[in-house]
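Okay, here's what each chain looks like letter by letter:
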Amino acid sequence: MRRIYLTIFYYFTNLPYLIKKQVNNLDILAFGAHPDDVELSCGGTLLKLAEQGYSTAIIDLTRAELSTQGNPEQRRQEAETAGRILKVALRENLMFPDGGIVNNEENRLRVIETIRKHKPQIVLAPFNQDRHPDHEHTSQLVRECCFYAGLEKIQTRSEPHRPHTVLYYFQHWVEQPVFIVDISDTFETKMEAVRAYKSQFIRTEKNTKETFINRPEFLQSIKNRAEYFGYQAGVRYGEAFRVRLPIKLDNLMDIFA
Ligand SMILES: [Zn+2]
């Protein structure tokens, strides 16, 4: 019941939007289970797209209220700061319960409406195998909703819209990438966005408890991974992705020459 009241409150006060610039249709919409997921796994790509002139957005499904450190209000402020660093046009939180991202009709309709409302061409979602169950559930939920959002007979407030493509980013576990984005120019700023989550990744006098992600080794591993994928692609830093559907190419020379 509390969640229903909270949802109504946030809906009418427009608080789910942490960032909201005026754009008609978004080019790229990145979904994450928790604020900071997108920054860690595909923040360099999102920033690169924004700097190339595309409109980008982040949709966080939860407020990460189960995190060992920090609280939802801190996370909210950190997410807003990080989103601005990544130059997203919009950042919204759907306020699903952390640890309880369920693929049910209510949640599907909310994700479908979010996709229809913003009309992205490309959706970024977590890869479907990961250490954290919320990441796996988000992957499945977003993948299904990208399809259902195109079906006319599923009715929500907005018109049907199906994104062209869903691309999957890696979180805790990685597999063989299908393609790697060169983020050499945006890597340092991506890490600035990650470090905006002080409650998660930085140990301070107030924040003394050691967690898996606030040890220096964790942020170092993010850098190591970017270097590893960069090495595979022949550049300094990279972010890796998978796709489920075959990629259509008109000109092999554009991609492989
Ligand atoms: Zn997460």
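Note: the structure precedes this text.
The present account deals with the structure reproduced in this document. (Residues numbered from 1 in each chain as written. Predicted model: local features only at pLDDT ≥ 70, side-chain atom pairs only at ≥ 80, totals over all residues.)

Before going further, it helps to spend a moment on the environment of Lys119. Among the structural elements, Lys119 can be located in the loop between α4 (105-118) and β5 (122-126). In this structure, the C-alpha to C-alpha distance between Lys119 and Ile19, residues 100 residues apart in sequence, is 17 Å. Look past the residues within four positions of Lys119 in its chain and what remains in contact with it is Asn25, Leu26 and His161. (Helix = DSSP H or I, 4+ residues; strand = E, 2+ residues; numbered from the N terminus. Contact = placed C-beta atoms within 7 Å.)

Counting 58 residues, the largest nonpolar core has Ala30, Phe31, Leu46 and Leu124 as its most contacted members. When residues of this core are assigned to their parent elements, the largest contribution, six residues, is made by helix α2 (residues 37-51). Excluding its chain neighbours within four sequence positions, the residues that come into contact with Ala30 are Val38, Cys42, Leu46, Ile58 and Leu124. (Core = buried A, V, L, I, M, F, W, Y, C linked by C-beta atoms within 7 Å. Buried ≥ 20, exposed ≤ 12 C-beta atoms within 10 Å, placed from the backbone.)

A separate point is helix α6 (residues 187-195). Phe187, Lys190, Met191, Ala193 and Val194 are the residues of α6 that are buried. All buried residues of α6 project into a common sector of 155° when viewed along the axis, lining one side. On its buried face, α6 is in contact with α2, α3 (72-85), α7 (198-201) and α8 (216-233). (Arc of directions from axis to C-beta.)

Let us now look at the pairing of strand β3 (residues 56-62). Judged by how many residues are buried, β3 sits mostly within the fold: seven of seven residues are covered. Inspection of the sheet shows strand β2 (residues 28-32) paired to β3 by five bridges, in the parallel sense. Bridge assignment links Phe31 to a residue of β3, and that residue is Ile59. Read from β2 through α2 to β3, the crossover connection turns out right-handed. The sheet contact formed by β3 and strand β4 (residues 90-96) spans five bridges and is parallel. Bridge pairing links Thr62 to Phe96 in β4. Between the parallel elements β3 and β4, the chain passes through α3 in a crossover that is right-handed. (Pairing = 2+ DSSP bridges. Right-handed = clockwise from strand over helix to strand, strands pointing away.)

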